[in-house]
Amino acid sequence: MQITEELLNEISGKISSLKSELAHSITGMGNVIDPVLIAILTKGHVLLEGMPGLAKTLLAKSLANAVDVDFSRVQFTPDLLPADLTGTNIFNPKTTNFEIRKGPVFTNILLADEINRAPAKVQSALLQSMEERQVTISDQTFELGWPFFVIATQNPIDQEGTYPLPEAQLDRFLFKVSVTYPTESEELNILKQHGTILNKKNITKKVIQTKDLQRISEAIQYVYVEPKLEEYIIKLIRNSRPESTSDSQLKNFIRHGVSPRGSLALLRIAKAEALLSKRNFIIPEDIQKYFYEVLNHRIHLSFDAIAEDISVKSISSRILEVTDVP
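Note that the structure is a prediction, hence the values are computed from the model and not measured.

Caption draft 1: Representation of the pattern of salt bridges. Scanning the entire structure with this criterion turns up 14 salt bridges. Of the charged contacts, one joins arginine 279 and aspartate 286 as a salt bridge, the two residues approaching to 2.8 Å between their closest N and O atoms. As far as burial versus exposure is concerned, arginine 279 and aspartate 286 are alike and both buried. Taking the shortest distance from any N to any O, the salt bridge between glutamate 321 and arginine 318 comes out at 3.4 Å. Of this pair, glutamate 321 and arginine 318 are both found in helix α15 (residues 312-322), three residues apart, which corresponds to roughly one turn of the helix. The class for glutamate 321 is exposed, based on a relative accessible area of 60%. Salt bridges sharing common partners tie together Glu131, Asp171, Arg172, Arg261 and Arg298.

Rendered as structure tokens:
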């Protein structure tokens, strides 16, 4: 596929209309909407962390409506079973046969609400769906359609009844994005948008088709990457590992660094960012823009860092600072 100026303008127009439509029901959250769109275009998944009531569910529903795809929501609780998510084999007394009853995971956009309240078996079932895009029920394996996109939400870990997700589960998310409280002006707009019981203006319209998403996703693969920028990505990721970085601060404050999956995520995100910025090639700023969101859930801090109250955000800033830009 050749990325022409005409194609770039077409893609920019479709994404702009999608963002504009989402703005009818969602105020602010620009730092959340952009990563979510990049994730769905690059066939990734997003983990949103924030307090309840910050429109995480509304964002997922509005996106599904605007893109004209199926949407399912699962409230994760400690008593949830894998079959509640994937489906199960049930006996039909009329036919005297067992039949597969598919679960809510068979959808296009799945909202896994409060995922850090789920037991290990449920998370294992979701892990197969996220990574392999297939589901095994009894002795049968079913492929999930495209797009299959998981938006998972979690409360801060210090809330009652929550616990950290396993590292293997976290690493499957392209982004981990912190959802913060809106500003005063944004909260005033929220009152105006959603302050009445019946408000037809907040109904999200379908503005983009699945085939359009597929075309944009395919075009991302053809964005040109200069070899020096590939090396830059590798150097950034290697500086996140205490055994390969030469910076003494990073050695002391990082216990475990980012895996090669993080390198691939950074490359995919940079390509998508370039395309959405109407370019058919990436620049260093494309790599740097979401660097923290990529590292946020992949870096494990040392005891020294925790004791000195060092955050992953400051670590990611330090990595950008000590890594030479080509």
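Caption draft 2: Representation of helix α5 (residues 120-132) within the structure. For α5, built from 13 residues, the straight-helix expectation of 18 Å at 1.5 Å per residue is met to within 8% by its first-to-last C-alpha distance of 18 Å. The complete set of buried residues in α5 reads Val122, Gln123, Ala125, Leu126, Ser129 and Met130. Looking straight down α5, one finds its buried side chains confined to an arc of 160°; they lie on one side. In α5, those exposed residues whose orientation departs by more than 90 degrees from the buried face are Ala120 and Lys121. The inward-facing, buried residues of α5 abut α4 (82-86), β5 (109-113), β6 (134-137), β8 (149-154) and α6 (167-170). Positioned one or two residues after α5, arginine 133 has a phi angle of 55°, which is positive.

Caption draft 3: Spatial organisation of the sheet that holds β8. Here we have five strands laid out as an open sheet, ordered β2-β5-β8-β1-β9, and parallel in their pairing. The outermost strands of the open sheet, each flanked by one partner alone, are β2 (71-75) and β9 (175-178). The sheet shows a mean angle of 20° between the axes of neighbouring strands, taken without regard to direction. Examined bridge by bridge, strand β1 (residues 46-49) and β8 share four bridges and lie parallel to one another. When the bridges of β8 are listed, leucine 48 appears paired with threonine 153. In the packing of helix α3 (residues 56-67) onto the sheet, contacts are made with β1, β2, β5 and β8, and the angle to β5 comes to roughly 170°.

Conventions used here
- One numbering rule holds for all chains: residues counted from 1, following each sequence as written.
- With pLDDT at 70 or above as the cut-off, local features in this predicted model cover only qualifying residues; side-chain atom pairs require 80 or more to be listed or tallied, and sums for whole chains, interfaces and linings still use all residues.
- For the side-chain quantities, the full set of heavy atoms in the structure was used; hydrogens and water were omitted.
- Take a side-chain nitrogen of Lys or Arg and a carboxyl oxygen of Asp or Glu: if they are within 4 Å of each other, that pair is a salt bridge.
- Residue exposure (1.4 Å probe, protein chains only): buried if accessible area is under 20% of the type maximum, exposed if over 50%, otherwise partly exposed.
- Numbering of helices and strands starts at the N terminus; helices are DSSP runs of H or I of at least 4 residues and strands are runs of E of at least 2.
- How far a helix is expected to stretch is found by multiplying one less than its residue total by 1.5 Å.
- What the arc measures is the spread of directions leading from the helix axis to the C-beta atoms.
- Note on definitions: a residue-residue contact is assigned when non-hydrogen atoms from the two residues lie within 4.5 Å.
- The pairing criterion is simple: DSSP has to find at least two bridges between the two strands.
- Every angle, taken between N-to-C directions, lies between 0 and 180 degrees, and every axis is a line fitted to C-alpha atoms, over only the stretch in contact when it is a helix.

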